[in-house]
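Structural overview
Okay, here's what each chain looks like letter by letter:
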Amino acid sequence: MANVSIGLALGGGVARGWCHIGVMRTLIQAGFEPDIIAGTSIGAVVGGLYLAGKLDDLEIWARSLNRAKVRALMDVSLRSGGLIAGARLKALLDQYAGGILIEHLTRNFAAVATELSTGHEIWLRDGELTQALRASYALPGVFPAVNIDGRYYVDGALTDPVPTAAARAMGARLVIGVGLHVDGQLADDDLSEPGPFGDSEEGAWSDWIRPDRIVSRLIFGKPKVGPGISATMTGALNIMLDRLTRMRLAADPADVMIEPDVSHIGLLEFDRADELIALGGQAAERALPMIERLALALD
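Small disclaimer: the values here were computed from a predicted structure and weren't measured. All chains use their own residue numbering, which begins from 1 and follows the written sequence. Local features are withheld for residues below a pLDDT of 70 in this predicted model, meaning they are given only at 70 or higher, and side-chain atom pairs are given and counted only at 80 or more; totals for whole chains, interfaces and linings count all residues. Note: side-chain values were computed over all heavy atoms of the structure, leaving out hydrogens and water.

A look at the overall build of the protein chain
Secondary structure summary: the protein chain contains eleven helices and eight strands in total. Burial statistics for the protein chain: of 299 residues in total, 55% are counted as buried. Should any heavy atoms of two residues lie within 4.5 Å, those residues are considered in contact. In the protein chain, the proportion of contacts linking residues at least 24 apart, taken out of those at least 6 apart, comes to 73%. To be clear on the numbers: accessible area is Shrake-Rupley with a 1.4 Å probe, and residue cover counts the displayed protein chains and nothing else. Carbon and sulfur atoms make up 53% of the accessible area of the protein chain, which amounts to about 12800 Å² in all. Secondary structure elements follow DSSP: runs of H or I of four or more residues count as helices, runs of E of two or more count as strands, with numbering from the N terminus. Buried residues are those whose accessible area, probed at 1.4 Å on protein chains only, stays under 20% of the maximum for their type, while exposed residues exceed 50% and partly exposed ones sit between those limits.

Some words on the nonpolar core
The biggest cluster of nonpolar side chains holds 73 residues, and the ones touching the most others in it are Trp18 and Phe109. Among the elements that make up this core, the one with the highest residue count is helix H11 (residues 273–298) (ten residues). Definition of nonpolar core: a set of buried residues of the types Ala, Val, Leu, Ile, Met, Phe, Trp, Tyr and Cys, connected through side-chain atoms within 4.5 Å. Counting nine residues, the second-largest nonpolar core is a separate cluster that includes Ile36, Ala166, Ala167 and Val175.

Things to note about the pattern of salt bridges
Note on definitions: salt bridges are taken to be side-chain nitrogens of Lys or Arg within 4 Å of carboxyl oxygens of Asp or Glu. Applying the stated rule across the entire model yields 14 salt bridges. In this structure, aspartate 56 engages arginine 25 in a salt bridge whose closest nitrogen and oxygen atoms are separated by 2.5 Å. Residue aspartate 56 is located in helix H3 (residues 55–64), and its partner arginine 25 is located in helix H1 (residues 19–29); the two are separated by 31 residues in the primary sequence. Given the relative accessible area of 46%, aspartate 56 is considered partly exposed. Given the relative accessible area of 32%, arginine 25 is considered partly exposed.

Overview of the pairing of strand E1 (residues 6–10)
Within E1, five of the five residues are buried, which leaves the element mostly enclosed by the surrounding structure. What you see with E1 is no split at all: Ile6, Leu8 and Leu10 on one side and Gly7 and Ala9 on the other are buried throughout. At least two DSSP bridges between two strands are required for those strands to pair. Sheet topology note: the E1/strand E7 (residues 174–178) ladder contains five bridges and is parallel. From the neighbouring strand, leucine 8 faces E7, where its bridge partner is isoleucine 176. Here E1 runs beside strand E2 (residues 36–40); their pairing, made up of four bridges, is parallel. Bridge pairing links leucine 10 to glycine 39 in E2.

Quick notes on the confidence of the model for the protein chain
A score from 0 to 100, pLDDT tells how confident the predictor is in each residue. Per-residue pLDDT for the protein chain has a mean of 86; in total, 82% of the residues score no lower than 70. Here residues 193–202 scores under 50 on pLDDT; set against residues more than four positions off or in separate chains, the count is 21 contacts.

Some remarks on H11
In the structure, H11 departs most strongly from a straight axis at alanine 287, where the bend amounts to approximately 45° and where the proline proline 289 lies between one and four residues downstream. Among the residues of H11, those classed as buried are Ala273, Leu276, Ile277, Leu279, Gly280, Gly281, Ala283, Ala284, Ala287, Leu288, Ile291 and Ala295. Next to the buried residues of H11 lie H1, H3, E7 and strand E8 (256–258). The reported bend at a residue is simply the angle between two axes, fitted to the 7 residues ending at it and to the 7 residues beginning with it.

With respect to the packing of H1 against helix H2 (residues 42–51)
Every angle, taken between N-to-C directions, lies between 0 and 180 degrees, and every axis is a line fitted to C-alpha atoms, over only the stretch in contact when it is a helix. Where H1 contacts H2, the two axes come as close as 10 Å, and the packing angle between them is 40°. In terms of orientation, H1 lies oblique with respect to H2. Considering only the axes of H1 and H2, their crossing is right-handed. Of H2, the residues touching H1 (which contributes His20, Ile21, Met24 and Ile28) are Ile42, Gly43, Val46 and Tyr50. Side-chain classes follow a simple rule in which Ala, Val, Leu, Ile, Met, Phe, Trp, Tyr, Cys and Pro form the nonpolar group, Asp, Glu, Lys and Arg form the charged group, and the remainder, Gly included, forms the polar group. Grouping the amino acids of the contact of H1 with H2 by side-chain chemistry returns six nonpolar, two polar and no charged. Roughly parallel covers angles under 35 degrees, roughly antiparallel covers those over 145, roughly perpendicular covers 65 to 115, and oblique covers all other angles. Crossing handedness is defined as follows: a turn of the near helix away from the far one that is anticlockwise and smaller than a right angle gives a left-handed crossing, while the clockwise case is right-handed.

Structure follows, in structure tokens:
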């Protein structure tokens, strides 16, 4: 295989980010193991845990998820700075990678986050790995901002959904980007009208985590009728990330862009890991001829 430094820029995409597992499996099997990884949000989680030697554990856990298991991870709190306190997810990350420092990883890694006070894009390249991952996926309003050395950080997707610039700046000659928002579409599940809130299976699976449903249930004891806050927030988020992804990639494009077709899968459908991993692998397979040509040309 060609001797060229390969960088992966793994984009944000909430549940759709399970595609990154399939992409990485395919690239590694084909001989294109990344030398550098820059990740945003769930892309940072997958990339960081891979470099920590925990990709197998992450994949097994992701494939095991169902609605009940996802629900059990969501510690709803209205006083934490976000709808979800995130303590249970933090404990899970610490179980897999607690105590690991980014500077001790075998390869260069950056978790992209956004500094809340300035709006600056920040590449977290040292310190506790799990803390950097939490900062990278701290979606405002959902998770609380993460304090690192006196500065507060939120989701990196707000400033760089697919961090090609970070991968290139760390020395990659061949940058492979993985984007999950380029289509600019939402799945029916994200915009569907909800059924009654509760433990039943009626309606879209993600109804239970809709912020307006949770708040309404906590305050009034019954669901809000009609289009909810979360449908608006999810749609707006997807539009923003789509437009920002296009703008950032136009300024600093990946050498090869992998874009799995995931528009039919909701942003909160974490229980569809099997399908998402397969879609990521298939998209990477289609990109392999281009990657091989460029790797040989750059050698």
